[in-house]
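Close look at the chain arrangement
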Amino acid sequence: MIEAFHIGAVSRDSKLLEDLDLSFDEGEVCVVTGPAGAGKTLLLRILRGERRPDEGDVVVGGDSLYRGSSPVVAAFRASLGVVPEAFPTMTCSTVRDLFLLSGTAGERVPAGEREERQEKLLSMMGLPGAHDWRLSSLSLTERARVALAAELFRGPRYLFLDGLVANAGVEWTEMLGGLFKALAREGKTVLLAERAFPERWKSGDSEEGIAKGPFRLFRLAVSGGVSR
């Protein structure tokens, strides 16, 4: 479980987050929504241990992310998958290079098996045979899907996805919803930041989410629909 207590954060001399309490359970798909500049990216960085909050704390498995270290915190950091909103500048030039940067690249997995796993992920993302495509030639939606495939190759327990659904394109919304639910059923935690909750994930009840500071928090029911 990831728990945030009384989080406060200042960015560019403005207080974006104040006295914010959040919790994310194992096997959940959660979507934090808010307008541009609300602090969604900042929140994700705080929750995954990249940016110490100016107030409050984040606790994983009962241990603080920012007050010392422990095997629990080390395991959490090692089990993260991250897809940022902006495709990062990298030294690698092809999709194959991106996979080589994956956390599992150093494992003693036969090359053939690695290639097969990568191809399955790329095919799932609608990009079969894309290993040698140049990253600079990819469209925004292709970059989003390639980045997600590379993170899934690591087998993360926690996925932090910033603007992934919007960047991937509306035609991929339903597929991604099904994928994230499947990951949750395996006990993974998926946390997304989006400007708006995806229309295709809404139930007939037209849920409005729960107000959390400058955000609204939605929990995607693993069995379907949206839950509070």
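Residues numbered from 1 in each chain as written. Predicted model: local features only at pLDDT ≥ 70, side-chain atom pairs only at ≥ 80, totals over all residues. Heavy atoms only, no water.

Moving on, we come to the nonpolar core. Within the largest apolar cluster, 39 residues are counted, with the highest numbers of intra-cluster contacts made by Leu148, Leu161, Leu176, Phe180, Leu192 and Trp201. Counting residues per element, this core draws most heavily on helix 5 (residues 140-153), at eight residues. When residues no more than four places from it in sequence are discounted, the contact partners of leucine 148 are Val83, Met125, Leu159, Leu161, Leu164, Leu176, Leu179 and Phe180. Val32, Ala38, Tyr66 and Phe160 belong to the second-largest nonpolar core, a separate cluster that totals 29 residues. (Core = buried A, V, L, I, M, F, W, Y, C linked by side-chain atoms within 4.5 Å. Buried < 20%, exposed > 50% of the residue type's maximum accessible area, 1.4 Å probe, protein only. Helix = DSSP H or I, 4+ residues; strand = E, 2+ residues; numbered from the N terminus. Contact = heavy atoms within 4.5 Å.)

Our next topic: the packing of aromatic side chains. Inspection of the entire model under this criterion finds five aromatic pairs. On the numbers, 4.4 Å between centres and 25 degrees between planes, the contact of phenylalanine 197 with phenylalanine 218 is stacked. Residue phenylalanine 197 is found in the loop between strand 8 (189-194) and strand 9 (210-212), and its partner phenylalanine 218 is found in strand 10 (residues 215-220); the two are separated by 21 residues along the sequence. Using a relative accessible area of 6% as the deciding quantity, one classes phenylalanine 197 as buried. (Phe/Tyr/Trp six-rings, centres within 6.5 Å; stacked < 30°, edge-to-face > 60°.)

Tallying each qualifying case throughout the model produces 13 salt bridges. A salt bridge links arginine 96 to glutamate 115, with the nearest nitrogen and oxygen atoms 3.0 Å apart. Here arginine 96 is found in helix 3 (residues 95-100), whereas its partner glutamate 115 is found in helix 4 (residues 111-124), with 19 residues between them in sequence. Given a relative accessible area of 31%, glutamate 115 falls into the partly exposed group. One salt bridge in this structure joins lysine 188 and glutamate 186, with 3.7 Å as the shortest N-O distance. By relative accessible area, glutamate 186 is classed as exposed at 54%. Three or more residues are tied together by salt bridges with common partners; here these are Arg45, Arg48 and Glu50. (Salt bridge = Lys/Arg side-chain N within 4 Å of Asp/Glu carboxyl O.)

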